[in-house]
Amino acid sequence: MRVALGHVDEYDERTAAFAQQLGLAGVQLHTPANLAGADGFWSEAELKALRERIEGDGLRLEGLENVPAAHFALIQRGAPGRDEQIENYQRTVRNLAASGIPILGHHWMPTYVWRTSMDAPGRGGAHVSSFHLPDTAAGNALAAYKLTPDDPIDPPLTAEDMWSNYQYFLDAVLPVAEEVGVRLSLHPDDPPVAEPLGGAARIFTSPAALVQARDRAHGSRAWGLTLCTGSVSAMAGAANVTEVIDLLGPGGHIAYVHFRDVRGTVPTFSECFLGEGNFHPPSILRRLHRVGFDGFVIDDHVPAMVGDVATWGNTSSEAYCSRGRAHELGYISGIVDALGIGS
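Model, not experiment: these values are computed from the prediction. (Residues numbered from 1 in each chain as written. Predicted model: local features only at pLDDT ≥ 70, side-chain atom pairs only at ≥ 80, totals over all residues. Heavy atoms only, no water.)

K.L.:
So, the sheet that holds strand S5 (residues 117–121): which residues are in play, and what are the values?
P.N.:
Strand order in the open sheet formed by four strands is S5-S6-S11-S10, and the pairing between neighbours is antiparallel. Two strands close off the open sheet at either side, each with one partner strand: S5 and strand S10 (262–265). Averaged over all pairs of adjacent strands, the angle between their axes in this sheet comes to 30°, without regard to strand direction. Two strands pair when backbone bridges link them, and S10 and strand S11 (residues 268–271) are joined in this way by four bridges, in the antiparallel orientation. Note that in S11 the partner of Arg263 across the bridge is Ser270. The strands touched by helix H7 (residues 229–236) within the sheet are S10 and S11, with S10 carrying the most contacts at an inclination of about 35°. (Pairing = 2+ DSSP bridges. Helix = DSSP H or I, 4+ residues; strand = E, 2+ residues; numbered from the N terminus. Axes fitted to C-alpha atoms, helices over the stretch in contact; angles between N-to-C directions. Contact = heavy atoms within 4.5 Å.)

Structure, rendered in structure tokens:
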């Protein structure tokens, strides 16, 4: 396995230098502002230009995740216009292949990630995000990381709706991904609660549900899991993380890893520094190695330390290149080196 700089919302000279200074060889980008997608899809020209820019800095573009919500929302909702969005998504997949980019991650949360606090107290006074389900009741303000749709979801989307819409999406895009050699990677729900949030049920909230997602791909090698260890840890702790690794790792179904952790589980948890959460980080990385995982591991949400600008919802590289992120990447890299499991 290898460690890469992840969740980069805008690639620029500063993020390139940050990756280089940390001794990393690759980057993964999250809905990067570098891509305009003006016609409802990412064009081959802009994708190729981005990859070549990154390679010109001596780095590798490991993959992309999450097309803009405006390109994807109707697909998730099963709303009128989804077939046009699917056609554009297929174009994006073909263009990724033509540009030499192997992975496109996606999530299945029409109302995106929810937190009820963005500045909960962490170790030593660091700022972390937290979630407390009772605080999501109607009328209570939510943290800014929640994406509020332009139009309300009414009637609400049931679990049956969400599964049906996901199957429709898979049936349409997996054949294209297989044809051109791009892997589509699913992120678990965050937070992984059974209760609907913002009018949409959440379905990827357990190891069994992630296995069902794999099964609904009917054996396609184009389907993969983005193993977000923090989201899975929030389900029911360390046992769920190891269960997912054991269920999906041996078959090569884990495409890449978001490596973070939380303290507590739903309905109440808070993010934290690696090593003080629900699981033992070296044990998880060793387990991934033992089941044959040979992909890339990236940093994910990190605490804001002394001198840091809070990074959530802020795409500026100044906020992104933080002490908290450097600590997390150094921690992961140190474990990989110490265990001798790096590529």
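K.L.:
Talk me through the packing of helix H6 (residues 207–216) against helix H8 (residues 238–248); I want residue IDs and the actual numbers.
P.N.:
Look at H6 against H8: their axes get within 10 Å of each other, and the N-to-C directions meet at 20°. Judged by the angle between their axes, H6 and H8 are roughly parallel. With respect to the hand of their crossing, H6 and H8 are arranged in right-handed fashion. For the pair formed by H6 and H8, the contact residues are Pro207, Leu210, Val211 and Arg214 on the first element and Asn240, Glu243, Val244, Leu247 and Leu248 on the second. (Parallel < 35°, antiparallel > 145°, perpendicular 65-115°, else oblique. Left-handed = near helix turned anticlockwise from the far one by under 90°.)

K.L.:
Explain helix H11 (residues 323–339) to me, and be specific about the residues and the numbers.
P.N.:
Over its 17 residues, H11 runs 24 Å from end to end, which matches the ideal 24 Å to within 8%, given 1.5 Å per residue. Turning to H11, its buried residues are Gly324, Arg325, Glu328, Leu329, Ile332, Ser333, Ile335 and Val336. Each buried residue of H11 sits inside an arc of 160° when the element is viewed along its axis, so together they form one side. Along H11, exposed side chains directed more than 90 degrees from the buried face belong to Asp337 and Ala338. (Expected span 1.5 Å × (residues − 1). Buried < 20%, exposed > 50% of the residue type's maximum accessible area, 1.4 Å probe, protein only. Arc of directions from axis to C-beta.)

K.L.:
Tell me about the pairing of strand S8 (residues 223–228), and please be specific about residues and values.
P.N.:
Among the six residues of S8, six are classified as buried, and the element is accordingly described as predominantly covered. Along S8, one buried face is formed by Trp223, Leu225 and Leu227 and the opposite face, lined by Gly224, Thr226 and Cys228, is buried too. Two strands pair when backbone bridges link them, and strand S7 (residues 183–186) and S8 are joined in this way by three bridges, in the parallel orientation. Residue pairing for S8: Leu184 is matched across the bridge by Trp223. In this region the chain leaves S7, passes through H6 and returns to the parallel neighbour S8; the handedness of that crossover is right-handed. Examined bridge by bridge, S8 and strand S9 (residues 254–258) share four bridges and lie parallel to one another. Counted as the bridge partner of Thr226 is Tyr256 from S9. (Right-handed = clockwise from strand over helix to strand, strands pointing away.)

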